[in-house]
Amino acid sequence: TVMVLVGRAIHVFPLCFIINIFRSKRDKISLRYMAAIWFAGLRGAIAYILALSLKRSMPARDMIINTTLAVVLLTNLIMGPLQGPFIKLLGIPLNGEQQEGHGDGGGGGGGG
């Protein structure tokens, strides 16, 4: 699970910084929102489907599927319930709370 978080961080933060190069100042993704994206992830649906799609003749197919499922379950059971408190810790508005865009600097554009 730790390696999943590290791998996700290696992709989310640089890609968000690259995306921000092409966005206006008010529409940039803030570091707080990058952290939320990193923490939320996709919860493993794509990884699990990809593991299931491996050919039955592939060596270690069952081990790959079981490992993928274990990581998906662990990240959902551990990180799922922590999502709300983590978002609050970041100071991101929840459940219809008003916000002024998704960048640190305010601006328009609505949220979520």
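Residues numbered from 1 in each chain as written. Predicted model: local features only at pLDDT ≥ 70, side-chain atom pairs only at ≥ 80, totals over all residues. Heavy atoms only, no water.

Asks: Would you explain a nonpolar patch on the surface in this entry?
Replies: On the surface, Leu69, Leu73, Leu74, Leu77, Ile78 and Leu82 cluster together into a nonpolar patch covering about 530 Å² of accessible area. Following the sequence through the fold, Leu77 ends up in helix 4 (residues 61–79). By relative accessible area, Leu77 is classed as exposed at 65%. (Patch = residues over 30% accessible without salt bridge, like charges linked within 9 Å, V, L, I, M, F, W, Y side chains within 5 Å. Areas by Shrake-Rupley, 256 points an atom, 1.4 Å probe, with all protein chains shown as cover. Salt bridge = Lys/Arg side-chain N within 4 Å of Asp/Glu carboxyl O. Helix = DSSP H or I, 4+ residues; strand = E, 2+ residues; numbered from the N terminus. Buried < 20%, exposed > 50% of the residue type's maximum accessible area, 1.4 Å probe, protein only.)

Asks: Looking at this model, I keep getting lost on unusual backbone geometry. Mind explaining?
Replies: A positive phi angle, near 70 degrees, is found at Ala60, a position not held by glycine. Turning to its location among the elements, Ala60 is positioned in the loop between helix 3 (45–52) and helix 4.

Asks: Would you take a moment to explain the nonpolar core for this structure?
Replies: Soluble globular proteins tend to pack their nonpolar side chains together in the buried interior. One finds Trp38, Phe86, Leu90 and Ile92 to be the most contacted residues of the largest nonpolar core, which totals 15 residues. When residues of this core are traced back to their parent elements, those giving at least two are helix 1 (2–21), helix 2 (31–40) and helix 5 (83–90). Of all the elements, helix 2 adds the most residues to this core, at six residues. The contacts of Phe86, once residues within four sequence positions are left out, are Ala35, Ala36, Trp38 and Phe39. (Core = buried A, V, L, I, M, F, W, Y, C linked by side-chain atoms within 4.5 Å. Contact = heavy atoms within 4.5 Å.)

Asks: How do you make sense of the side chain of Arg61 when you look at a structure like this?
Replies: With respect to the helices and strands, the residue Arg61 is situated in helix 4. No salt bridge is formed by the buried Arg61; the nearest opposite charge belongs to Asp62, separated by 4.2 Å. Contact partners of Arg61, with chain neighbours within four places excluded, come to Ala51, Leu52, Leu54, Lys55 and Arg56. (Lys, Arg positive; Asp, Glu negative; His and termini not counted.)

Asks: Just to check I follow, could you spell out the packing of aromatic side chains for this structure?
Replies: What describes a pair of aromatic rings is the distance from one ring centre to the other and the angle between the planes of the rings. If you walk through the whole model with that rule in mind, you get three aromatic pairs. On the basis of an interplanar angle of 20 degrees and a centroid distance of 4.3 Å, the ring pair of Phe39 and Phe86 is categorised as stacked. You can see Phe39 sitting in helix 2 and its partner Phe86 sitting in helix 5, a full 47 residues away along the chain. No difference in accessibility class separates Phe39 from Phe86, as the two residues are buried. Within the aromatic cluster, the residues linked to one another by ring pairs are Trp38, Phe39 and Phe86. (Phe/Tyr/Trp six-rings, centres within 6.5 Å; stacked < 30°, edge-to-face > 60°.)

Asks: Explanation requested: the confidence of the model for the protein chain in the structure shown.
Replies: Detailed reading of predicted coordinates is not advised where the pLDDT is low. For the protein chain, mean pLDDT is 83; residues scoring 70 or higher make up 83% of the total. The low-confidence segment residues 104–112, where pLDDT is below 50, has 17 contacts with residues more than four positions distant or belonging to other chains. (pLDDT = per-residue confidence, 0-100.)

Asks: Honestly, helix 4 in this entry has me stumped. Any pointers?
Replies: One full turn of an α-helix is made of 3.6 residues, so residues set three or four places apart face in the same direction. Here helix 4 spans 26 Å end to end across 19 residues, near enough to the 27 Å set by a 1.5 Å rise per residue. Those residues of helix 4 that sit buried are Arg61, Ile65, Thr68, Val72, Thr75 and Met79. Down the axis of helix 4, the sector holding all buried residues measures 115 degrees, keeping them to one side. Across helix 4 from its buried face, at more than 90 degrees, point the exposed residues Asp62, Met63, Asn66 and Leu77. Along its buried surface, helix 4 packs onto helix 1, helix 2, helix 3 and helix 5. (Expected span 1.5 Å × (residues − 1). Arc of directions from axis to C-beta.)

Asks: Whenever I open this one, the pattern of salt bridges confuses me. Can you help?
Replies: Oppositely charged side chains may form a pair once their charged atoms are brought near each other. Considering all chains together, one arrives at one salt bridge under this definition. For Arg26, the salt bridge identified is with Asp27, shortest N-O distance 3.8 Å.

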